[in-house]
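# Inside the fold
Now for the letters of each chain:
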Amino acid sequence: MSEASLLVPTPFGDGAWRWPRPPESDAAQLLAALRGHPGVRDVVVTEGHVCVSFDPAQPPRGLVERLAEAARAGAAERAIRELWIRVRYDGPDLEEVAARVGLPPEEVVARHAAASYRVALVGFLPGFAYLRGLDPRLELPRRASPRPRVTAGAVAIAGPYSGVYPLDSPGGWHWIGTAVGFRAFSPAEGAALRLGDRVRFERAT
Amino acid sequence: MTTRLAVVSVAGVVTVQDGGRPGRMHEGIPPGGALVPELLGAANRALGNPPEAAALEIVGGCTLAAEGGPLLLSLDGAAPRRLLPADAEEIGPGRAGVRYLALRGGLDVPEALGGRGTLLVAALGGFEGRALRRGDRLALGEDAHGEPMEEGVAVELAGEAAIRVLPGPDLERFEADALERLLREEFAVSPASDRVGMRLVGPPLRLRGGERGASLPMLRGAIQVTTGGEAIVLGPDHPTTGGYPVLATVIRADQGRLAARRPGAPVRFRAVSLEEARAAAGGRPPLLVRVASAAELPRCLELRHEVFVRGQSVAPELEIDGLDPACTHFVALAAGELLGTARLRVTDDGHAKAERVAVRAAARGRGVGAALMRALEAEARRRGFGELRLHAQAPVIAFYQRLGYVAEGPLFEEAGIPHRAMRRTLL
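To keep things clear, this report deals only with the structure shown in the data block.

Reading the values: rules and limits
- Residues numbered from 1 in each chain as written.
- Chains lettered and ligands numbered in written order.
- Predicted model: local features only at pLDDT ≥ 70, side-chain atom pairs only at ≥ 80, totals over all residues.
- Heavy atoms only, no water.
- Helix = DSSP H or I, 4+ residues; strand = E, 2+ residues; numbered from the N terminus.
- Buried < 20%, exposed > 50% of the residue type's maximum accessible area, 1.4 Å probe, protein only.
- Contact = heavy atoms within 4.5 Å.
- Areas by Shrake-Rupley, 256 points an atom, 1.4 Å probe, with all protein chains shown as cover.
- Lys, Arg positive; Asp, Glu negative; His and termini not counted.
- Charge placed at Lys NZ, Arg CZ, Asp CG, Glu CD.
- Pairing = 2+ DSSP bridges.
- 1 Å grid on protein atoms, 1.4 Å probe; cavity = no way out; pocket = protein on both sides within 12 Å on 5 of 7 lines; lining within 4 Å.
- Points joined across faces, edges and corners; volume = space filled by probe spheres on them.
- Nonpolar A, V, L, I, M, F, W, Y, C, P; charged D, E, K, R; others polar.
- Core = buried A, V, L, I, M, F, W, Y, C linked by side-chain atoms within 4.5 Å.
- Phe/Tyr/Trp six-rings, centres within 6.5 Å; stacked < 30°, edge-to-face > 60°.
- Buried area = accessible area lost by both parts, 1.4 Å probe.
- Salt bridge = Lys/Arg side-chain N within 4 Å of Asp/Glu carboxyl O.
- Patch = residues over 30% accessible without salt bridge, like charges linked within 9 Å, V, L, I, M, F, W, Y side chains within 5 Å.
- Polar contact = N/O pair within 3.5 Å; in protein donor to acceptor, adjacent residues only side chain to side chain.
- Axes fitted to C-alpha atoms, helices over the stretch in contact; angles between N-to-C directions.
- Parallel < 35°, antiparallel > 145°, perpendicular 65-115°, else oblique.

## Considerations on the overall build of chain A
In terms of helices and strands, chain A carries four helices and 15 strands. Over its C-alpha atoms, taken along the principal directions, chain A stretches across nearly 55 × 30 × 30 Å. Expressed as a percentage of the 205 residues in chain A, the buried residues total 56%. In chain A, the proportion of contacts linking residues at least 24 apart, taken out of those at least 6 apart, comes to 63%. Of the accessible surface of chain A, which amounts to about 9100 Å², a share of 51% is contributed by carbon and sulfur atoms. Computed over 25 positive and 23 negative side-chain charges, the inter-centroid distance for chain A is 2 Å.

Below, the structure is given as structure tokens:
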């Protein structure tokens, strides 16, 4: 049995297919390969799934083969962008986070700024990147009740992720700082962070 | 003085919308587009605009006026009317919960990330990225390629007919009765609905486990169910990922019809096959495949004559081989028109065999043949056969392979045409 025949899509309505992510596949590689496929309208890659949407009257052909090929390619063939984001650690939840994880605020900041992150998922809001790589000591469940308003540029953590809020919005993550000179989303450029990018935070003084 | 559209007053949410900005969901940007693309398209076409030109999407009502000169407008595809500077156009509720006012030439708002529509959550596109307010003045575009249509363009949104869904894709995350409830009970449109999603009021749909999972890709039409059991049908400005599982998905052809319903309106759902959904998306009547009645047999034979005798020069006496009375015949119909036929025969040595698979030339490439084969397989399976056999004409071997048939043995000639034997195991 060929590799391709194992990638059986589940219909997601009449205009999309969804697959579980092939093991070891590189998200950015899958995205690039499928977006370029004829007849594909949109592609969303999450940590667990790949979803491709199209005109239901004209489903694209050859997608399974394209997906199998991209899954084999791995991350090796792709140049990885690295972005540095300066952060002022002045978020209203910093003290509470420190108390809950049992570290001084200074140490929370040091650990957050020391880690190297990778964009694992873009979703929830335009330009909202879920960054994997958070120091496991800083992992906390989301806030019990979301804040009605978090401002654009808020640097926050929740579960295994960190992120930068792209827009003013309600937010359930712990707000620990403010990005300086960085916008995760702009109406002119779209999302600043793309799937697979490497991200480092630098403490702004 | 340039001609402009002036907003005199607004009661509700009025935004500029167009065909959306597909192709950016990987940036977290929803596809956007009109809540009811059928009405946007009708209003634009009535004016000779491209169907997806930027126009006003009106939820609630508003009063508009022309400034600097007359405007030509269409509301929901109605016959184009001229609005003179002295007049005010008052727009109240229509048949649908949302209305579209298009102007000849379209609205001239800047394109942002591939579209002119308003995405409120991101303050993106439209008129300054926001809903319209009293005093706003909108410029007109030059995006009209055709002549206005005097009589307008009628749209049928099929009132309160059931909304068609495909079950899934997250069925395993629900209690067994959840889908049944969705398809059996009546729901109502909640007033807390917007372009992000339409909330439904109705019996709770129970999740298995009930925990919020990892973020999943989301789409317009997905029926998400919250941990509290509330159903939300995602709209054009939905988040591109979400943690709630999807019980069923509204087919593309019915998304506008659903979005057109006003708060309080009843909603029922009906499950359909992927084939039916895709036929509807192509604007075609759904395909129906079933066993032919005795009265339909002459029409089947006529179609076979057209395909095999006239189309492929098969001798008529070979085509009508005397075995028809012993076969089960199938018809593929769309809106009453016969598009295809096939017969299922049990051979002398006791095998189920598909024969005389004929699709009208004009209906090829639409899945008619595949639908016929699936029906034959279902019937053979029902009668206890473990496989279905056939003799495939050489040029269509690949077609049968896609349906899971395996070719065996050498090419041979039958009725002057090269064939190969094929078979598929029926599970």
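## A closer look at the sheet that holds strand S16 (residues 266–267) of chain B
Sheet strands line up and pair through hydrogen bonds in the backbone, either parallel or antiparallel. All names here are of chain B. Taken together, eight strands build an open sheet; the order of strands is S16-S9-S10-S13-S12-S15-S8-S17 and the sheet is mixed. Each edge of the open sheet carries a strand with a single partner, namely S16 and strand S17 (269–271). Pairing of strand S9 (residues 187–189) with S16, which is carried by two bridges, proceeds in the antiparallel orientation. Across the sheet, Ala188 pairs through a bridge with Pro266, a residue of S16.

## Some remarks on empty space enclosed by the protein
By the definition in use, this model includes two cavities of 30 Å³ or more. By volume, the largest cavity amounts to about 60 Å³. The wall of the largest cavity is formed by 14 residues, among which Arg21, Gly32, Gly33, Gly117 and Thr118 of chain B lie closest to the centre. Tallied by class, the residues present in the lining of the largest cavity amount to three nonpolar, seven polar and four charged. Approximately 30 Å³ is the volume attributed to the second largest cavity. Around the second largest cavity, the lining residues are Val43, Val44, Val45, Val122 and Leu195 of chain A together with His26 of chain B. With three residues, strand S3 (residues 40–45) of chain A is the largest single contributor of residues to the lining of the second largest cavity. Here the residues of the lining of the second largest cavity sort into five nonpolar, one polar and no charged.

## A closer look at unusual backbone geometry
All names here are of chain B. Omega for the peptide link from Gly168 to Pro169 comes to 15 degrees, which places this bond in the cis form. With respect to the element layout, Pro169 can be found in the loop between strand S8 (163–167) and helix H2 (178–184). A positive phi angle, near 55 degrees, is found at Asp76, a position not held by glycine. Note that Asp76 resides in the loop between strand S3 (71–75) and strand S4 (81–83). Phi at Ala415 is positive, roughly 55 degrees, even though this residue is not glycine.

## Considering the nonpolar core
In terms of nonpolar packing, the biggest core is built from 52 residues, with Trp19, Val52 and Phe201 of chain A touching the most fellow members. The element contributing the most residues to this core is helix H2 (residues 63–73) of chain A, with six residues. Setting aside residues no more than four positions away along its own chain, Trp19 of chain A makes contact with Leu7, Val8, Pro9, Gly48, His49, Val50, Val52, Leu63, Val64 and Leu67 of chain A. Ala352, Ala363, Val368 and Ala407 of chain B belong to the second-largest nonpolar core, a separate cluster that totals 27 residues.

## As for the packing of aromatic side chains
Residue and element names in this part refer to chain A. A full pass over the atoms with the stated rule returns 13 aromatic pairs over all chains. Judged by centre distance (5.2 Å) and plane angle (85 degrees), the ring pair of Tyr130 and Tyr161 falls under edge-to-face. On the criterion of sequence distance, the pair formed by Tyr130 in strand S7 (residues 129–132) and Tyr161 in strand S10 (residues 161–164) is long-range, its members being 31 residues apart. Of the residues examined, Tyr130 reaches a relative accessible area of 6% and is grouped as buried.

## Side note on the interface of chain A and chain B
Between chain A and chain B, the contact holds 42 residues from the first and 39 residues from the second. Roughly 3300 Å² is buried in total at the junction of chain A and chain B, and carbon and sulfur atoms are behind 62% of that figure. By the criterion of area lost to chain B, the three top residues of chain A are Phe12, Asp14 and Asp42 of chain A, representing 20% of everything that side buries. Linking chain A to chain B there are two salt bridges. Where Arg194 of chain A meets Glu27 of chain B, a salt bridge forms, and the shortest distance between an N and an O atom there is 3.8 Å.

## Considerations on a nonpolar patch on the surface
Residue and element names in this part refer to chain B. A surface patch of nonpolar side chains, amounting to about 210 Å² of accessible area, comprises Val13, Val59 and Leu120. For Val59, the position within the fold is in strand S2 (residues 55–67). Val59 gets classed as partly exposed once you look at its relative accessible area, which sits at 34%.

## Digging into the side chain of Arg99 of chain B
Residue and element names in this part refer to chain B. Note on placement: Arg99 falls in strand S6 (residues 99–103). Since its relative accessible area comes to 16%, Arg99 is described here as buried. A polar contact of 2.9 Å, which involves the side chain of Arg99, links it to the side chain of Asp76.

## Some thoughts on the sheet that holds S3 of chain A
Residue and element names in this part refer to chain A. An order of S1-S2-S4-S3 is seen for the four strands of this open sheet, with the pairing classed as antiparallel. The open sheet has two edge strands with one neighbour each: strand S1 (10–11) and S3. The pairing of S1 with strand S2 (residues 16–20) spans two bridges and is antiparallel. Each bridged residue has a counterpart across the sheet, and for Pro11 the counterpart in S2 is Trp17. Together, S3 and strand S4 (49–54) form the strand contacts of helix H1 (residues 27–35), whose direction differs from that of S3 by roughly 175 degrees.

## Regarding the packing of helix H3 (residues 94–101) of chain A against helix H4 (residues 105–114) of chain A
Residue and element names in this part refer to chain A. The geometry of H3 relative to H4 is characterised by a closest axis approach of 8 Å and an angle of 95 degrees between their N-to-C directions. The orientation of H3 relative to H4 falls into the category roughly perpendicular. Contacts between H3 and H4 pair Leu94, Glu95, Val97, Ala98 and Val101 from the former with Pro105, Val108 and Val109 from the latter. Its residues assigned to classes, the contact of H3 with H4 comprises seven nonpolar, no polar and one charged.

## Let's talk about the pattern of salt bridges
One pass over the full model with this rule turns up 46 salt bridges over all chains. One salt bridge in this structure joins Asp170 of chain B and Arg18 of chain A, with 2.7 Å as the shortest N-O distance. Pair noted here: Asp170 of chain B is in the loop between S8 and H2 and Arg18 of chain A is in strand S2, and the two residues belong to different chains. Each of the two residues, Asp170 of chain B as well as Arg18 of chain A, counts as buried. We note a salt bridge from Asp136 of chain B to Arg130 of chain B, for which the minimum N-O separation is 2.9 Å. Using a relative accessible area of 15% as the deciding quantity, one classes Arg130 of chain B as buried.

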